[in-house]
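Chain by chain, the residues run as shown.
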Amino acid sequence: SSGINAEYGVLSIHSFLAGLAFGSQPDPAEEFKIMIPIAAHKSLAAMALTVTLKKARMHRFNMFVLLLVFSFSTPAGTFVGMIVSSSVESSLWTGLCLAIAAGTFIFVTLNDILPAEITKDPDTLKGKCAVLLTGFAFMALLALWV
């Protein structure tokens, strides 16, 4: 249960920080560049969180409340980012928000998701590592155009 609470908390904080970075963007073209990855991985994070909560046999109403709060974390961060960015130096604030959001994503991946997936079934370790490296390569190629 504490692992689920930690995963939920870290994912919610990460989503809020991603929204903060999105809301602090001064340029609409930059907003669009950030909106696409946020939308793509927010849906995957929600699905992963739902699966985790279902595996924990959480009551439907409690799961609904947690997922509702999670779903509003990015819009809340966007709202706060818009308010704060209007009163502080924009590029430093935006960079700080993006760095913290990326850091929480890396933290969750390296400390929560990868160890659990890699140790789950040792027979599929090579395949999982191949998929992981393919994902890294795809993201590196994608970064060339963004």
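**Considerations on the overall build of the protein**
Right, so step 1: In terms of helices and strands, the protein carries 5 helices and 0 strands.
Right, so step 2: Sequence-ordered secondary structure for the protein, helices as α and strands as β, is α-α-α-α-α.
Right, so step 3: Seen along its three principal axes, the alpha-carbon backbone of the protein occupies a region of about 50 × 40 × 20 Å.
Right, so step 4: Taking all 146 residues of the protein together, the buried fraction comes to 26%.
Right, so step 5: The contacts in the protein between residues at least 6 apart in sequence include a share of 73% that link residues at least 24 apart.

**Overview of the packing of aromatic side chains**
Right, so step 1: One pass over the structure, following the stated rule, counts 0 aromatic pairs.
Right, so step 2: Here K42 stacks its cationic end above the ring of F70, 4.0 Å away from the centre of that ring.

**A short note on the side chain of S15**
Right, so step 1: Relative to the elements of secondary structure, S15 occurs in helix α1 (residues 2-23).
Right, so step 2: The contact partners of S15, leaving out residues within four places of it in the chain, are K42, F70, S73 and T74.

**Observations concerning the side chain of S12**
Right, so step 1: Note that S12 resides in helix α1.
Right, so step 2: The buried category is assigned to S12, whose relative accessible area is 13%.
Right, so step 3: Excluding residues within four positions of it along the chain, S12 makes contact with F70 and S73.

**Side note on the packing of helix α2 (residues 28-55) against helix α3 (residues 60-85)**
Right, so step 1: In the contact formed by α2 and α3, the axes pass within 11 Å of each other and the chain directions differ by 165 degrees. It follows that α2 is roughly antiparallel to α3 by the angle criterion. Crossing angle aside, the handedness with which α2 passes α3 is right-handed. Contacts between α2 and α3 pair I38, K42, A45, A46, L49, T50, L53 and K54 from the former with M63, L66, L67, F70, S71, S73 and T74 from the latter.
Right, so step 2: Of the residues belonging to the contact of α2 with α3, the class tally is 9 nonpolar, 4 polar and 2 charged.

**With respect to the confidence of the model for the protein**
Right, so step 1: Mean pLDDT over the protein stands at 81; residues scoring 70 or higher make up 96%.
Right, so step 2: At the level of individual helices and strands, the protein shows its lowest average pLDDT in helix α4 (residues 90-120), which scores 77, and its highest in α3, which scores 89.

**Let's talk about α2**
Given 3.6 residues per turn, any residue in an α-helix points the same way as the ones three and four places further on.
Right, so step 1: Here α2 is 28 residues long and its end C-alpha atoms lie 40 Å apart, about the 40 Å a rise of 1.5 Å per residue gives.
Right, so step 2: Residues of α2 that are buried: I34, I38, K42, A45, L49 and L53.

**With respect to the nonpolar core**
Within soluble globular proteins, side chains that are nonpolar tend to cluster in buried spots.
Right, so step 1: With 9 residues, the main nonpolar core is built from I4, Y8, L11, A45, L49, L53, M63, F70 and V108.
Right, so step 2: Counting residues per element, the ones that place at least two in this core are α1, α2 and α3.
Right, so step 3: What I4 contacts, discounting residues up to four positions off in sequence, is T52, L53 and A56.
Right, so step 4: Counting 6 residues, the second-largest nonpolar core is a separate cluster that includes L20, A21, W93 and A101.

Cut-offs used in this document
- Residues numbered from 1 in each chain as written.
- Predicted model: local features only at pLDDT ≥ 70, side-chain atom pairs only at ≥ 80, totals over all residues.
- Heavy atoms only, no water.
- Helix = DSSP H or I, 4+ residues; strand = E, 2+ residues; numbered from the N terminus.
- Buried < 20%, exposed > 50% of the residue type's maximum accessible area, 1.4 Å probe, protein only.
- Contact = heavy atoms within 4.5 Å.
- Phe/Tyr/Trp six-rings, centres within 6.5 Å; stacked < 30°, edge-to-face > 60°.
- Lys NZ or Arg CZ within 6 Å of the ring centre and 35° of its normal.
- Axes fitted to C-alpha atoms, helices over the stretch in contact; angles between N-to-C directions.
- Parallel < 35°, antiparallel > 145°, perpendicular 65-115°, else oblique.
- Left-handed = near helix turned anticlockwise from the far one by under 90°.
- Nonpolar A, V, L, I, M, F, W, Y, C, P; charged D, E, K, R; others polar.
- pLDDT = per-residue confidence, 0-100.
- Expected span 1.5 Å × (residues − 1).
- Core = buried A, V, L, I, M, F, W, Y, C linked by side-chain atoms within 4.5 Å.

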